[in-house]
Amino acid sequence: MDFAHSSSSSGSWKSLCNVVEYSGIFDSEYRQPHSRCMDNTRVALRESIRQVLDQRDRTNIWLNGLAGVGKTSVAFTIAEELKAAKRLAATFFFSHKHAQKAAAIIPTIAFQLAIAFPRIREDIVQAIENDDSLMSPGKSHADQMRELVIKPLQTLQFREEPYAIIIDALDECFSSEEAARLVMLLTDTLAGPGLPFIHLIFTSRPEAHIRTVMPSGVYEILLTTRDEDTMQDVHFFLRTSLDKTRTSRPAIFSQPPIPWPSEDEFETLAFKAGGLFVYAAMAINFISAVGHHPQERLDLLLCEKSTVGADIDQLYRQIIGTSEDPLAHCRMLTSIIRLYEPLSLAELQELFHADQKSLAVMLEVFSPVILNDGVGNVEIYHASLRDFMNDPLRSKQYHIERAHAHEHIACCCLDFLVRQNLLFPPHRPYREMPYAFRVWQSHLRRAYPSSKLRNLLALFAKKTPPGWVQTLNNWDALYFASGNLRFARWVCLSLVTIYNMLVKDHVLTVNCSEMDQGSGRHCGYMASS
């Protein structure tokens, strides 16, 4: 996707570009490495989707299936084909890996429409010039859709070609309610009169709240792990990938390469993968990891018998089991999963300063399930790993409680602030501040109140300059300072004294009357004049 527009000096166009969520665009660099179907796989499935998309009507498609069956790869490949044919209107690929905002969805779609159809770009710009609140986070999605998408598209109503908008991973949307509202908004508005033929393609897990709002007549495609075509495609992927591993390691397999693996070993691995592409992909990552003998890694995967195929939990436990200190490394992994936004390797090394060795070893041991090229953000390979680590019934002895993960991150944030002398915020935009400064209070609010955390918080309070809260007036002092009081009181029973140290310049006045709120307590606060 070409994000730049030729010699555009329009303030309205720039305001649109500034709110676009580029990580939602299917081929954005933010989404590297891109997940696409291997050649000669998903052939029948992709053909059935193309047949629907070639119809000059508004039939919508819902591709659904369990985590790991390859929905995003199919959506990406279809998007590539449509873009090459100049029939792709827009995409939005949801992902927990990116800090995506609900307010950016419709502007991102409008931006892509302006790129795909230059004729309507000026209509979109004019709509923003007429009402610049269309770019506001508080603007209703219905107003944005009407002014930025529907009205401009009406000028294209006589187009002969059918187009498509692809919305991937609805289940990774901000909430089930938000996902349902988005489906209803898109299907209702794009079905109206006076518009070109636009097919909507949705992908998600088969969740009830999404099924409820899917319009009647939607073309539903259910991907399963037991579908014969899918299992054949997984077999093909495994065979091709293992052959590549064999031929690329001549020092191990000699030259010319000897046959590998044995047919029995291959069939056992294929049974374990079942029809789950994510299992097959991570198994290949594990087997072909640099610095390890592929046969030894294959033996590790095959040593534990499986009674069912596509057992992703068993694969995750086997990979974790290769660690010499699995609990420490699982704590680090869970901490990365619990971050509110992905960070680069350098940022993680700064944040987890005291645990840099553990971080480095964890990234190496868990490399089959973590994306880390040393340059971009460190991210988990697939959302199913997050589901696995968050569910104690699945991760079992490797489970790390959410409160303990937040306690670890909060301690690292406080240590970072004290160590980097960032207690007194420098004069630069908020979004450019280090992660620890921006979100330490959010992690603290959810953290287990360990003695280590309380000691760090006491040190933090002791070293905080008296004018720190006063300085925060530049960045909405009430939001930061009063919020700090709320979570500090919740985490540590003795923090009223610490907070008074922070606000001894009387910028805020504390109301220490405690109010029961369910299972916790809350300390009221108010701004002082």
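Relevant structure appears above.
Everything in this summary refers to the structure shown in the same document.

What counts and what doesn't
Residues numbered from 1 in each chain as written. Predicted model: local features only at pLDDT ≥ 70, side-chain atom pairs only at ≥ 80, totals over all residues. Heavy atoms only, no water. Salt bridge = Lys/Arg side-chain N within 4 Å of Asp/Glu carboxyl O. Helix = DSSP H or I, 4+ residues; strand = E, 2+ residues; numbered from the N terminus. Buried < 20%, exposed > 50% of the residue type's maximum accessible area, 1.4 Å probe, protein only. Axes fitted to C-alpha atoms, helices over the stretch in contact; angles between N-to-C directions. Parallel < 35°, antiparallel > 145°, perpendicular 65-115°, else oblique. Contact = heavy atoms within 4.5 Å. Nonpolar A, V, L, I, M, F, W, Y, C, P; charged D, E, K, R; others polar. Pairing = 2+ DSSP bridges. Right-handed = clockwise from strand over helix to strand, strands pointing away. Polar contact = N/O pair within 3.5 Å; in protein donor to acceptor, adjacent residues only side chain to side chain.

### Comments concerning the pattern of salt bridges
Here's step 1: Enumeration according to the criterion identifies 24 salt bridges in this entry.
Here's step 2: Measuring nitrogen to oxygen at the nearest pair gives 2.9 Å for the salt bridge that ties Arg 87 to Asp 54. Taken as a pair, Arg 87 in the loop between α3 (71-84) and β2 (88-93) and Asp 54 in the loop between α2 (43-53) and β1 (61-65) lie far apart in primary sequence, 33 residues in all.
Here's step 3: Overall, the relative accessible area of 16% leaves Arg 87 in the buried class.

### Some words on the packing of helix α14 (residues 312-321) against helix α18 (residues 383-390)
Here's step 1: Two numbers describe how α14 lies on α18: the axes approach to 11 Å, and their chain directions differ by 80°. By the criterion of interaxial angle, the relationship of α14 to α18 is roughly perpendicular. Residues Ile 312, Asp 313, Tyr 316, Arg 317 and Ile 320 of α14 pack against Ser 384, Leu 385, Phe 388 and Met 389 of α18.
Here's step 2: In terms of residue class, the contact of α14 with α18 is made up of six nonpolar, one polar and two charged.

### Here's the deal with the pairing of strand β3 (residues 163-168)
Here's step 1: Within β3, six of the six residues are buried, which leaves it mostly tucked inside the rest of the structure.
Here's step 2: Sheet topology places β2 next to β3; five bridges connect them, and they run parallel. What sits directly across from Leu 88, in β3, is Ala 164.
Here's step 3: In the sheet, β3 pairs with strand β4 (residues 198-204) via five bridges, with the strands oriented parallel. Note on β4: the bridge partner recorded for Ile 166 is Ile 201.
Here's step 4: Crossover handedness for the path β3 to helix α7 (residues 176-189) to β4: right-handed.

### Here's the deal with the side chain of His 399
Here's step 1: Tracing the backbone shows His 399 in the loop between α19 (392-395) and α20 (402-419).
Here's step 2: A polar contact of 3.0 Å, which involves the side chain of His 399, links it to the backbone oxygen of Met 389.

### Considering the side chain of Asn 60
Here's step 1: The topology assignment puts Asn 60 in the loop between α2 and β1.
Here's step 2: Reaching out from Asn 60, the side chain makes a polar contact with the backbone nitrogen of Leu 200 at a distance of 3.0 Å.
Here's step 3: Not counting residues within four places of it along the chain, the set of residues in contact with Asn 60 comprises Thr 187, Ile 198, His 199, Leu 200, Pro 215, Val 218 and Tyr 219.

### Considerations on the packing of helix α4 (residues 105-116) against helix α6 (residues 141-153)
Here's step 1: Taken N-terminus to C-terminus, the directions of α4 and α6 make an angle of 10°; their axes are 9 Å apart at the nearest point. Here α4 is positioned roughly parallel relative to α6, judged by the angle of their axes. Contact residues: Ile 106, Pro 107, Ile 109, Ala 110 and Leu 113 in α4; His 141, Gln 144, Met 145, Leu 148, Val 149 and Leu 153 in α6.
Here's step 2: Residues of the contact of α4 with α6, tallied by class, amount to nine nonpolar, two polar and no charged.

### Here's the deal with the sheet that holds β3
Here's step 1: Taken in spatial order, the five strands make up an open sheet running β2-β3-β4-β1-β5, and their pairing is parallel. Either end of the sheet is taken by a strand with one partner, and the two such strands are β2 and β5 (219-223). Between one strand and the next, the sheet's axes are offset by a mean angle of 10°, whatever the strand orientation.
Here's step 2: The strands touched by α2 are β1, β3, β4 and β5; relative to β5, the strand with the most contacts, the crossing angle is about 170°.
Here's step 3: Contacting β1, β2, β3, β4 and β5, α3 crosses the sheet at an angle of about 155° to β3.

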